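# Analysis of the macromolecular model
So the chains spell out like this:
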Amino acid sequence: MAERERRHVRVAVIGSGFGGLGAAVRLRREGITDFVILERAGAVGGTWRDNTYPGCACDVPSHLYSFSFAPNPEWPRNFSGQPHIRAYLERIADTFGLREHLRFHTEVLGMRWDAQALHWEVETADGPLTADVVVSATGPLSDPKIPAIPGLDTFPGTVAHSARWDHDTDLRGKRVAMIGTGASAIQIVPAVQPDVSRLTLFQRTPPWVLPRADRRITAAEQWLHSRFPATRAARRGLLWGIREMQVSAFTKRPDQLGLVEFVARNHLKKAVKDPGLRAALTPGYRIGCKRILLSNTYYPALAQPNVDVVTAGLKEVRGSTLVAADGTEAEADAIVFGTGFHVTDMPIARRVTGAHGTTLAEEWKDGMAALRGATAAGFPNFLTIIGPNTGLGNSSMILMIEAQLNYLADYLRQLDVLGGKIALDARPSAVQHWNDTIQERMTRTVWSRGGCDSWYLDANGRNTTVWPGTTSEFKKATRQVDLAEYEVLRPPAGPPADRSAPPRTEVAA
């Protein structure tokens, strides 16, 4: 079969979650309509499309977990559930005319930088295309991680990850094993506990859990926010301001978190009367070192008579028998993994081959690093939304996404100003300086000094995930592109080089 004709676009966006849709809206606002959104699934929504487990909801207040350019006065709760967030993203696609740019069932299989043409060659499940600029918005919470457990293939029952919930399996009356105690697990446990015959929680490390100040947003509030936008903006501003003031405790003065620990301990004490269980659920590290979780129902569910808490991780599976690292055994009909995602080893990185013939994963083998969280040396005109060290421990990722969209917009403006066929490649020295500064700041944070091993850390023990500052600082740092941090690439003069030889590109100052 003859190869399909390659289509060329100015910008290819990968993913249609908050990052991808936000990038698309920003492109249209900048007057750019020659772009596509490549989505491997059949609908928009990203992690809010994929995570449909019982009890799935956001742990950031709704009015802060939405775009500033697309406020929603009709959020139903302080902390809205997955269906409402996904519906919001569907409305974004409709309101801003993004449907014509969406390409569903178009997974990116691989991409390679063409140093002669100064564009990206992208292979997708729906055929090839080329793009001047690629924006990767696949997100860190897109590819589930299931640990390699010996004997798991011998388990006769249902095995599912929280992000790939099996809706065809009825858990009522079943013996269910929950593996992990992260943000998904503390929502799943209370949602399924009343219906299962036995629930066994395999806990390697207990999380810190604070009360969840959730409630229904009244019709009067919704009316007020709709008729008087200033009230909505004030609500959002207050939610943002409170979180900005908390940042220094996480990033500079972890000892100030003692009062928060007191609140969390009291929350546990009120819900769990059994001193043995309470001791098992009490963390031995500083609060904030791992992500702080919010729930009013998790502890009460664990205190129920049909729940067992195993204080060790799952080590082995022998048929329907699950064996923990401490030798504890439990029988199960279904296993649910709440074991997180490939955050510090993003799968998309293995599919991106840059100017030097190496993949992004190979360049990042010693740890992820990107200039201002967006660009990596040797990967011209390739930007990441929610890239290295852009995560947050206490606020809304939408704030960080919007800051990166500002950077994307100015990046494209700089290409226009420079004129002609052009590309920007982050200088290795600029990436190194940015990353060294972040890692130096990281030494003072609770994520480094709190005494825990979290998913924020990579295999080398470095925190390549979280931003060690306020969202205001990040917004300022990404307001515009500094051309001194980039090499400006123009097409090489003369006849096309041998494609089998290492790519060479002339650099103009």
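Residues numbered from 1 in each chain as written. Predicted model: local features only at pLDDT ≥ 70, side-chain atom pairs only at ≥ 80, totals over all residues. Heavy atoms only, no water.

## Quick notes on the overall build of the protein chain
Regarding its fold elements, the protein chain presents 14 helices and 21 strands. Since a compact globule built from 509 residues should have a radius of gyration of about 23 Å, the 24 Å found for the protein chain is in line with a globular shape. The principal-axis extent of the C-alpha atoms belonging to the protein chain is close to 80 × 55 × 45 Å. Sorting the 509 residues of the protein chain into buried and exposed places 55% on the buried side. (Helix = DSSP H or I, 4+ residues; strand = E, 2+ residues; numbered from the N terminus. Rg over C-alpha atoms; globule rule 2.2 N^0.38 Å. Buried < 20%, exposed > 50% of the residue type's maximum accessible area, 1.4 Å probe, protein only.)

## Quick look at the state of the cysteines
Tallied over the full model, the rule gives one disulfide. A disulfide bridge connects Cys289 with Cys452, and the sulfur atoms are separated by 2.0 Å. Between Cys289 and Cys452 the disulfide shows an S-S torsion of about -90 degrees. By sign, it is left-handed. Residue Cys289 is located in the loop between α8 (275-280) and β11 (293-294), and its partner Cys452 is located in the loop between α13 (446-449) and α14 (471-477); the two are separated by 163 residues in the primary sequence. This cysteine, Cys56, is not joined by any disulfide, and Cys58 carries the nearest cysteine sulfur, 8.9 Å off. A residue is classified by how much of its surface remains accessible, and Cys56, at 10% relative accessible area, is buried. (Disulfide = S-S within 2.5 Å.)

## A look at the pattern of salt bridges
Considering all chains together, one arrives at 28 salt bridges under this definition. Of the charged contacts, one joins Arg291 and Asp59 as a salt bridge, the two residues approaching to 2.7 Å between their closest N and O atoms. Placement of the pair is Arg291 in the loop between α8 and β11 and Asp59 in the loop between α2 (47-50) and α3 (82-95), with a sequence separation of 232 residues. Owing to a relative accessible area of 19%, Asp59 belongs among the buried residues under this scheme. (Salt bridge = Lys/Arg side-chain N within 4 Å of Asp/Glu carboxyl O.)

## Observations concerning a nonpolar patch on the surface
Together, Trp223, Leu224 and Phe228 line one region of the surface with nonpolar side chains, adding up to about 300 Å² of accessible area. Position of Phe228 relative to the elements: it lies in the loop between α5 (219-227) and α6 (229-251). Residue Phe228 is classed as partly exposed on the basis of its relative accessible area, which comes to 42%. (Patch = residues over 30% accessible without salt bridge, like charges linked within 9 Å, V, L, I, M, F, W, Y side chains within 5 Å. Areas by Shrake-Rupley, 256 points an atom, 1.4 Å probe, with all protein chains shown as cover.)

## Things to note about the packing of aromatic side chains
Tallying each qualifying case throughout the model produces 17 aromatic pairs. An angle of 15 degrees between the planes, with centres 4.6 Å apart, marks the rings of Phe67 and Phe69 as stacked. Judged by its relative accessible area of 21%, Phe69 is partly exposed. One aromatic cluster is present, formed by Phe18, Trp48, Tyr65, Phe67, Phe69, Trp75, Tyr88 and Phe96 through successive ring pairs. Positioned above the aromatic ring of Trp467 is the side chain of Arg441, whose terminal nitrogen or guanidinium carbon lies 5.5 Å from the ring centre. (Phe/Tyr/Trp six-rings, centres within 6.5 Å; stacked < 30°, edge-to-face > 60°. Lys NZ or Arg CZ within 6 Å of the ring centre and 35° of its normal.)

## Re the sheet that holds strand β14 (residues 321-324)
Strand order in this open sheet of three strands is β13-β14-β15, and the pairing throughout is antiparallel. Here the strands that pair on one side only, and so sit at the sheet edges, are β13 (314-318) and β15 (329-331). Taking each pair of neighbouring strands and ignoring which way they run, the sheet shows an average axis angle of 25 degrees. When β14 meets β15, the two strands line up antiparallel, connected through three bridges. Residue Thr321 lies in a different strand from β15, and its bridge partner there is Glu331. (Pairing = 2+ DSSP bridges. Axes fitted to C-alpha atoms, helices over the stretch in contact; angles between N-to-C directions.)

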